[in-house]
Amino acid sequence: MDATIGEFSPSVERSFESEPCPGFWGQVTLRSMAVAVVLGFVFCLITLRIHMRTGIVGALNMPANILSFFILKNMVGLLRRYGIAVAPFTRQENIFLQTCVITCVNIALTGGFATNIVAMNSEVAKTLVDNPDPRDIVDHISIGQYILYLSLTGLAGIMLVIPLMKAMIVDYRLLFPSGTVVAQLVNTFHTPQGAYVAKLQVATITKAFVGSFSWAVFQWFYTGGGDCGFQAFPMFGLELYKRRFFFDFSATYVGLGLIIPYIISFGLLFGAIISWGVLYPFLESKKGQWYLTDSPTSLNGLNGYKVFIGVTMIITEGIFNFVTLVTASLIDLHKKRNESDTGISKHIIKNPSLNYDDRKRLEVFFADQIPAFGPIAGYVVIATICTIAIPWIFNHIKFYHVAAVYTILPVFTFCNMYGTGLTDWSVAPTYGKFMIFVTAAWIAEPGAVVASLVACGITMAALNVSSQAMGDLKSGYLTLTSPRSVVAGHIYGVIIGSIINPCIFLLFQANAKGTAPIGSKDSEYPCPAAGVYRAIGLIGRGGVKELPDYCVAISFITFFITLSVETLRLVSQRKDWKLQYYIPCTTTVALPFFTGATFTIDMSLGSVLLFIWTKVDRQSAGMLASAIAAGLICGDGIWYLPTAILSIFNVQPPICMKFIASGKQVEVVDSFLSTLQKQSK
């Protein structure tokens, strides 16, 4: 994004000329840190719940932004009403709070709670192999080890960001679209007109929250057993219910459908229809010809096709996107290197084309620069500690494996960060899967799968945290927030995220023990992505020998189909064809191969409602859709906390609402119920 814009452009910073820019402790405040803990807990609870159930999490930046503004704005107003003198709530403090919360949520996403760490446990291992090697299983990690692991891997990512922030934001003038949008919202909220819009959005969130929470409470009363309640409602009939086609009345996924692009929600539904409606019935008909086992988990049966077809789609798209992104980044980087203006900082005084906003932002940015030596030394120290601490936590991986990962991480980080700045698209999961395969192939002995999953976790944590952090620094740059304050928010977010997320995960784990453990296919939290990650480790170690007939051939066909679809999608985007809006990315199509259609139906309903709303009133939909989504997701997500507490005290729902086929089954149930009535008399 070129910063050399003429002086005729509308100025943002002149609107804030009368407001002095606060110092470091005016931006990093105790009240923001306290609110960050509360919001971090709420959003991490929601994020983990969604991630562990579906493998997909919608962007929560906007809800976090709105709630951050509303809570602190009202807190300041309330204190002043009672005569307590407090400092005004500024946009710089808003950015600090937002940074803390989103970093905390990022730890939830990259901590492995639904991916690489869960993939180590025996439940996920049993979904792929009937008798998994116990040397490739880790079923227990203490909360202290979790905290240490998350804090070290997260801080390493932060240290990688700081030396690159001038190059990314000032020299190369990268857009970082999400960071730019957040900055625009914050700048808008802190004007009188923007405050009114924010108030309207928060009122909408509150109404949606109350409705969603009330609906979750009502549903709970009918879930007194397995497959009971509205969440197991066979809307399309019992035969389709057996193939996971049913509507489960989830406010969370309907809310997600309101904020994710149409092409994603309908792509998920398309993937569910192709897999569970067409492909799997065909493969089931080949039992006895292509495979013999009845096991639903063994890779040499039907499960082998499911896993490898889905994994092939995801990896192929990941590699394609990686190559495309790196190529585009190198071309763009080469062009910028050849420009006569290699950095705005050299021309802030000389170049008359810089407008008032540009000059003001650059002054603040360079006034609070962090010397590169500090973070570079910090990265070396943290990497050294990790080479000792991580093999202690996971004894399957050796210190030299960890050292090798941290040696190549700076290169991966630069490539991923640059691509994210151009497209707002991080390919950290692809790097992670690549590290799984390479590490498993390198070790190639019992324990290689767990070691490769650890290497994946280190990589994804550093890349995801760093790309998000650079987007936050872009937000800070556009709101005159000190880079030091933003980095402080990142460090604080990593610390609280490293403590909050393991506690939430252990809460989920304790509650799941009463039904089906986390990671199993029957669990409320199947963690579909975890099976994919573990399967890649098995492939890397040489586990394709026991696959059923034609599995590799079908995977090759899937590879070429995926490559063709992705190529067509890329060309249509470059040529600006309308076809681009109707081609989903194959990762979204692949995810239902593991999870079924249930959540895709909910999301599609949300997208249909948004489409109709947009047609009726585009302005209202644009302003309030994300607010309603935030309320629905938060209300449904927060109810999990009371549910977990009730289960701890052994309080169970009083009613089981279950659906059965008509005929003899009904007679059997009626006979059983009449027997119970006689016993009660």
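Reading the values: rules and limits
Along each chain, the written sequence defines residue order, and numbers are assigned to residues from 1. Restriction of local features to residues with pLDDT of at least 70 applies here, the model being predicted, together with a cutoff of 80 or more for giving and counting side-chain atom pairs; totals for whole chains, interfaces and linings are based on all residues. For side-chain calculations, the full set of non-hydrogen atoms in the structure is used, while hydrogens and water are omitted. Numbering of helices and strands runs from the N terminus; a helix is a DSSP stretch of H or I covering at least four residues, while a strand is a stretch of E covering at least two. A contact between two residues is defined here by any heavy atoms of the two lying within 4.5 Å. Per-residue and other accessible areas were derived by the Shrake-Rupley procedure at a 1.4 Å probe size, with only the shown protein chains allowed to occlude residues. To estimate the expected span of a helix, count its residues, drop one, and scale the result by 1.5 Å. For each residue, the accessible area found with a 1.4 Å probe, counting protein chains only, is set against the maximum for its type, and the residue is called buried under 20%, exposed over 50%, and partly exposed in between. In these notes, a set of buried Ala, Val, Leu, Ile, Met, Phe, Trp, Tyr and Cys residues joined through side-chain atoms within 4.5 Å is what counts as a nonpolar core. Interaxial angle, 0 to 180 degrees, is taken between N-to-C directions of lines fitted to C-alpha atoms, where a helix line uses only the stretch in contact. Note on angle classes: values under 35 degrees are labelled roughly parallel, values over 145 roughly antiparallel, values of 65 to 115 roughly perpendicular, and the remainder oblique. Each crossing is labelled by how the near helix is turned from the far one, with a counterclockwise turn of less than a right angle marking it left-handed and a clockwise turn marking it right-handed. Nonpolar residues are Ala, Val, Leu, Ile, Met, Phe, Trp, Tyr, Cys and Pro. Charged residues are Asp, Glu, Lys and Arg, and all others, Gly as well, are polar. Whenever Lys or Arg places a side-chain nitrogen within 4 Å of a carboxyl oxygen from Asp or Glu, that contact is recorded as a salt bridge. Here, two cysteine sulfur atoms that lie within 2.5 Å of each other are counted as a disulfide. To count toward a patch, a residue needs a relative accessible area above 30% and no salt bridge. Like charges then connect within 9 Å, nonpolar side chains (Val, Leu, Ile, Met, Phe, Trp, Tyr) within 5 Å. N or O atoms closer than or at 3.5 Å make up a polar contact, with two conditions inside protein: a donor-capable atom paired with an acceptor-capable one, and, for residues adjacent in sequence, both atoms drawn from side chains. Stacked, tilted and edge-to-face are the three classes applied to pairs of Phe, Tyr and Trp rings, where Trp contributes its six-membered ring and a pair requires centres within 6.5 Å; stacked means planes under 30 degrees apart, edge-to-face means over 60, and tilted covers the rest. By definition, being over a ring means that NZ of Lys or CZ of Arg is both within 6 Å of the ring centre and within 35 degrees of the ring normal.

## Comments concerning the overall build of the chain
And step 1. For the chain, the helix and strand inventory stands at 27 helices and zero strands.
And step 2. For the chain, restricting intrachain contacts to residue pairs at least 6 apart in sequence, the fraction spanning at least 24 positions comes to 82%.
And step 3. Put simply, the chain shows about 29700 Å² of open surface, and 66% of that area lies on carbon and sulfur atoms.

## Things to note about helix α17 (residues 428-443)
And step 1. Helix length check: α17, at 16 residues, gives a terminal C-alpha distance of 22 Å against a target of 22 Å (1.5 Å per residue), a fit within 8%.
And step 2. Of the positions making up α17, those classed as buried are Ala 428, Thr 430, Tyr 431, Gly 432, Lys 433, Met 435, Ile 436, Thr 439, Ala 440 and Ile 443.
And step 3. Where α17 terminates, the next one or two residues include Ala 444, which has phi positive at roughly 50°.

## Details of the nonpolar core
And step 1. Judged by nonpolar contacts, the single largest core of 161 residues is most densely connected at Ile 390, Phe 394 and Tyr 406.
And step 2. It is helix α18 (residues 448-478) that contributes the most residues to this core, 18 residues altogether.
And step 3. In contact with Phe 394, other than residues within four places in its own chain, are Ile 117, Met 120, Ile 141, Tyr 149 and Val 454.
And step 4. Ranked by size, the runner-up nonpolar core spans seven residues in total, among them Leu 258, Ala 621, Ala 625 and Ala 629.

## Observations concerning unusual backbone geometry
And step 1. At Cys 527, a position not held by glycine, the phi torsion is positive, near 50°.
And step 2. Looking at where Cys 527 falls in the secondary structure, it is placed in the loop between α19 (483-512) and α20 (528-540).
And step 3. Judged by relative accessible area, Cys 527 falls into the buried class, the value being 1%.
And step 4. A positive phi angle, near 60°, is found at Asp 576, a position not held by glycine.
And step 5. Mapped onto the secondary structure, Asp 576 falls in the loop between α21 (551-574) and α22 (586-590).
And step 6. For Asp 576, a relative accessible area of 57% puts it in the exposed group.

## Observations regarding the packing of helix α2 (residues 30-54) against α19
And step 1. Viewed as axis vectors pointing N to C, α2 and α19 meet at an angle of 45°, and their least axial separation amounts to 9 Å. The pairing of α2 with α19 is recorded here as oblique in orientation. Along this stretch, α2 crosses α19, giving a crossing that reads as right-handed. Residues Met 33, Ala 36, Val 37, Gly 40, Phe 41, Cys 44, Leu 45, Leu 48, Arg 49 and Met 52 of α2 pack against Tyr 492, Ile 496, Ile 500, Asn 501, Ile 504, Phe 505 and Phe 508 of α19.
And step 2. Residue classes in the contact of α2 with α19 are distributed as 14 nonpolar, two polar and one charged.

## Here's the deal with the pattern of salt bridges
And step 1. Taken as a whole and judged by the stated rule, the model has eight salt bridges.
And step 2. Linking Arg 49 and Asp 636 is a salt bridge whose minimum nitrogen-to-oxygen distance equals 3.4 Å. In this pair, Arg 49 sits in helix α2 while Asp 636 sits in helix α25 (residues 618-638), placing the two residues 587 residues apart along the sequence.
And step 3. A relative accessible area of 7% means that Asp 636 is categorised as buried.
And step 4. Between Glu 566 and Arg 569 there is a salt bridge, with its nearest N and O atoms 3.1 Å apart. Remark: Arg 569 and Glu 566 occur in helix α21; sequence separation between them is three residues, near one turn of the helix.

## Description of the environment of Arg 14
And step 1. Tracing the sequence through the fold places Arg 14 in the segment before α1 (24-27).
And step 2. For the pair formed by Arg 14 and Lys 360, sequence separation is 346 residues and the distance between their alpha carbons is 9.8 Å.

## Remarks on the state of the cysteines
And step 1. Counted under the stated rule, the structure contains one disulfide.
And step 2. The disulfide partner of Cys 228 is Cys 656, and the gap between their sulfur atoms is 1.9 Å. One quick way to see it: the torsion about the S-S bond of Cys 228 and Cys 656 is about -60°, and its sign makes the bridge left-handed. Taken together, the residues span a long stretch of sequence, with Cys 228 in the loop between α9 (192-220) and α10 (238-242) and Cys 656 in the loop between α26 (640-648) and α27 (664-680) at a distance of 428 residues.
And step 3. By relative accessible area, Cys 228 is classed as buried at 1%.

## Description of a nonpolar patch on the surface
And step 1. On the surface, a nonpolar cluster with roughly 540 Å² of combined accessible area is contributed by Tyr 262, Phe 266, Val 608, Phe 611, Ile 612 and Val 616.
And step 2. Of all the secondary structure elements, the ones that give two or more residues to the nonpolar patch are α12 (262-284) and α24 (598-616).
And step 3. No other element matches α24, which puts four residues into the nonpolar patch.
And step 4. Its relative accessible area of 46% is what places Ile 612 among the partly exposed residues.

## Side note on the side chain of Thr 127
And step 1. Residue placement: Thr 127 occurs in the loop between α5 (122-126) and α6 (143-161).
And step 2. Take Thr 127: its relative accessible area is 9%, and that puts it in the buried class.
And step 3. Polar contacts involving the side chain of Thr 127 include one to the main-chain carbonyl oxygen of Val 124, which spans 2.5 Å.

## Some details on the environment of Arg 534
And step 1. Topologically, Arg 534 is positioned in helix α20.
And step 2. With 98 residues separating them in the primary sequence, Arg 534 and Ile 436 have C-alpha atoms 8.5 Å apart.
And step 3. Here Arg 534 is in contact with Ala 119, Met 120, Val 124, Ala 125, Leu 128, Asp 136, Ile 137, Val 449 and Leu 453, once residues within four sequence places are set aside.

## Brief notes about the packing of aromatic side chains
And step 1. This model, assessed by the stated rule, comprises 34 aromatic pairs.
And step 2. Their ring planes at 45° and their centres at 6.0 Å tell us that Phe 69 and Phe 89 sit as a pair that is tilted. With Phe 69 in helix α3 (residues 61-81) and Phe 89 in the loop between α3 and α4 (91-110), this pair connects stretches of sequence that are 20 residues apart.
And step 3. Look at Phe 69 and you get buried, because its relative accessible area is 4%.
And step 4. A residue is classified by how much of its surface remains accessible, and Phe 89, at 8% relative accessible area, is buried.
And step 5. With a centroid separation of 5.8 Å and 35° between ring planes, the pair formed by Phe 218 and Phe 230 is classed as tilted. With Phe 218 in helix α9 and Phe 230 in the loop between α9 and α10, this pair connects stretches of sequence that are twelve residues apart.
And step 6. With a relative accessible area of 15%, Phe 230 lands in the buried category.
And step 7. An aromatic cluster is defined as three or more aromatic residues linked by ring pairs; in this entry it consists of Trp 215, Phe 218, Tyr 222, Phe 230, Phe 233, Phe 247, Phe 249 and Phe 659.
And step 8. Over the aromatic face of Tyr 280 sits the side chain of Lys 306, whose NZ or CZ is 5.0 Å from the ring centroid.

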